Amino acid sequence: MIHQPSDNFAHSVTAGVLQMGEMGAAIAAVLKARGCRVVTTSGGRSRETTDRANAAGVEVLDSLAAVAHEADVVFSLVVPAVAEQAATDYCDAARGVRSPALYVDLNSVSPELAIAIGDRLKRQRIQYVDGAINGLAKNLTSSATMFLSGLHAQRVAGLFGDAVKTRVLGREVGAASSMKMLLSGLSKGVCALYAELAMLADQRGMLDAMLSETATIYPGIHALVERMLPTYATHAARRTTEVAELESTAVAAGLEPCVITAVRQMHQDIANVSFDTAHAKGWTVESFVRQLSSAARDNATATAGGPTVTAGDNYGQ
């Protein structure tokens with residue numbers, strides 16, 4: 001098990017990162033820079049994942065079982081839909097390991113699911129930290145914040161030192177995931193509303209003017225949208241599942257979500273659009289909105305007399 005933080009704390013730790021997506025690679029890079037040995041596995045993953053791991057200097061082991069035997073701490077970074085299965089697979093892989101790694105779930109899941117994952121690990125005597133990252137992978141060491149909760153949250157925070165902004169929210173599992181749901185819901189709600197208003201502006205021939213005036217009158221909103229909305233061209237589906245987790249969180253709390261449900265539907269509509277891959281990573285708010293708006297017009301034409309812009313349209317269908 002990992003030790004208490006000290007000046008050379010990270011140098012004594014082997015960290016497993018599952019899996020090596022954008023955020024996984026960013027986490028691995030920070031841990032490597034802090035002196036950790038970082039391992040992962042390519043089992044069932046694409047060649048791109050293996051290449052990303054190799055480029056980051058991460059050791060690619062043959063299996064999840066090998067990671068379970070080698071690692072002192074394991075970070076789970078997968079899409080929310082498979083977070084519980086990832087924890088179950090780790091439990092299976094860790095059977096027979098004398099000192100299982102501390103398992104840190106950094107996925108965007110509801111607090112109820114975070115607690116369920118913790119209970120599953122606890123039954124196998126695996127220590128657990130509920131975590132979540134608010135921010136993009138490319139901003140991990142600048143504007144992102146890692147929230148942590150659970151008995152061993154402070155240990156995990158110590159691994160990152162000052163390299164990543166961390167916030168320990170106490171010893172109760174579920175607090176970090178709750179905070180992620182709240183903050184993520186706010187940013188995604190703003191993006192959903194902005195996207196719909198911007199489509200309306202485009203169809204009225206006012207998109208350029210709206211972008212300009214938003215930057216002047218609402219600079220904070222403009223900065224948020226500029227940072228996040230262009231990423232929807234490639235990450236809308238994942239963000240949809242994250243909003244669905246928020247929706248289930250609200251229902252579990254006894255609420256009847258109205259705005260959250262509309263935000264989730266808007267995200268699903270965006271995810272249904274086949275975006276032009278020619279833009280690659282060059283998306284801007286303007287280019288993103290124009291293609292979204294074009295898809296809405298195409299859909300309205302295909303659906304005789306259908307509304308042009310509503311949160312319920314299946315854009316691009």
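Please refer to the structure placed before this passage.
Remember, it's a predicted structure, so these values are computed and weren't measured experimentally.

A.B. asks: Please clarify how the packing of aromatic side chains should be interpreted in this entry.
C.D. replies: The relative placement of two aromatic rings is captured by the distance of their centres and the angle of their planes. Using the criterion set out here, one finds 6 aromatic pairs in the structure. A ring pair is formed by Y232 and F288, whose centres lie 6.5 Å apart and whose planes are at 70 degrees; its orientation type is edge-to-face. Note that Y232 is positioned in helix α10 (residues 232-252) and F288 in helix α12 (residues 285-302), a separation of 56 residues in sequence. Looking at F288, the relative accessible area reads 0%, which means it is buried.

A.B. asks: Hey, could you run me through the layout of surface pockets in this one?
C.D. replies: Taken as a whole, the second largest pocket spans an internal volume of roughly 240 Å³. No other element matches the 4 residues that helix α5 (residues 111-122) contributes to the lining of the second largest pocket. By residue class, the composition of the lining of the second largest pocket is 5 nonpolar, 4 polar and 3 charged.

A.B. asks: Explanation requested: a nonpolar patch on the surface in the structure shown.
C.D. replies: There is a patch of nonpolar side chains on the surface, built from L193, L197 and L200 and spanning about 270 Å² of accessible area. Relative to the elements of secondary structure, L197 occurs in helix α7 (residues 175-203). Overall, the relative accessible area of 42% leaves L197 in the partly exposed class.

A.B. asks: Is there a simple way to think about the packing of helix α4 (residues 83-93) against α5 in this case?
C.D. replies: The description of two helices packed together rests on the angle between their axes and the distance between the axes. In contact at an axis separation of 10 Å, α4 and α5 are set at 10 degrees when each is read in the N-to-C sense. On the basis of their axis angle, the class for α4 and α5 is roughly parallel. Residues A83, E84, A87, T88, Y90, C91 and D92 of α4 touch α5, and the partners they reach there are L113, I117, R120 and L121. Each residue belonging to the contact of α4 with α5 can be placed in one class, and the counts come to 7 nonpolar, 1 polar and 3 charged.

A.B. asks: Just to check I follow, could you spell out the side chain of S287 for this structure?
C.D. replies: Along the chain, the position of S287 falls in helix α12. For S287, a relative accessible area of 17% corresponds to the buried category. Of note is the side chain of S287, whose polar atom sits 2.9 Å from the backbone nitrogen of T284.

A.B. asks: Any chance you could explain the pattern of salt bridges here in plain terms?
C.D. replies: For side chains of opposite charge, pairing can occur when their charged atoms come near one another. In total, this model carries 11 salt bridges according to the counting rule given. With a closest N to O distance of 2.6 Å, D202 and R290 form a salt bridge. One end of the pair, D202, is in helix α7; the other, R290, is in helix α12, and 88 residues separate them in sequence. A relative accessible area of 31% means that R290 is categorised as partly exposed. Within this structure, D202, D208, E286, R290 and R297 form a network of salt bridges that share partners.

Calculation notes
Residues numbered from 1 in each chain as written. Predicted model: local features only at pLDDT ≥ 70, side-chain atom pairs only at ≥ 80, totals over all residues. Heavy atoms only, no water. Phe/Tyr/Trp six-rings, centres within 6.5 Å; stacked < 30°, edge-to-face > 60°. Helix = DSSP H or I, 4+ residues; strand = E, 2+ residues; numbered from the N terminus. Buried < 20%, exposed > 50% of the residue type's maximum accessible area, 1.4 Å probe, protein only. 1 Å grid on protein atoms, 1.4 Å probe; cavity = no way out; pocket = protein on both sides within 12 Å on 5 of 7 lines; lining within 4 Å. Points joined across faces, edges and corners; volume = space filled by probe spheres on them. Nonpolar A, V, L, I, M, F, W, Y, C, P; charged D, E, K, R; others polar. Patch = residues over 30% accessible without salt bridge, like charges linked within 9 Å, V, L, I, M, F, W, Y side chains within 5 Å. Areas by Shrake-Rupley, 256 points an atom, 1.4 Å probe, with all protein chains shown as cover. Salt bridge = Lys/Arg side-chain N within 4 Å of Asp/Glu carboxyl O. Axes fitted to C-alpha atoms, helices over the stretch in contact; angles between N-to-C directions. Parallel < 35°, antiparallel > 145°, perpendicular 65-115°, else oblique. Contact = heavy atoms within 4.5 Å. Polar contact = N/O pair within 3.5 Å; in protein donor to acceptor, adjacent residues only side chain to side chain.

Worth remembering: the numbers are spatial, not functional.
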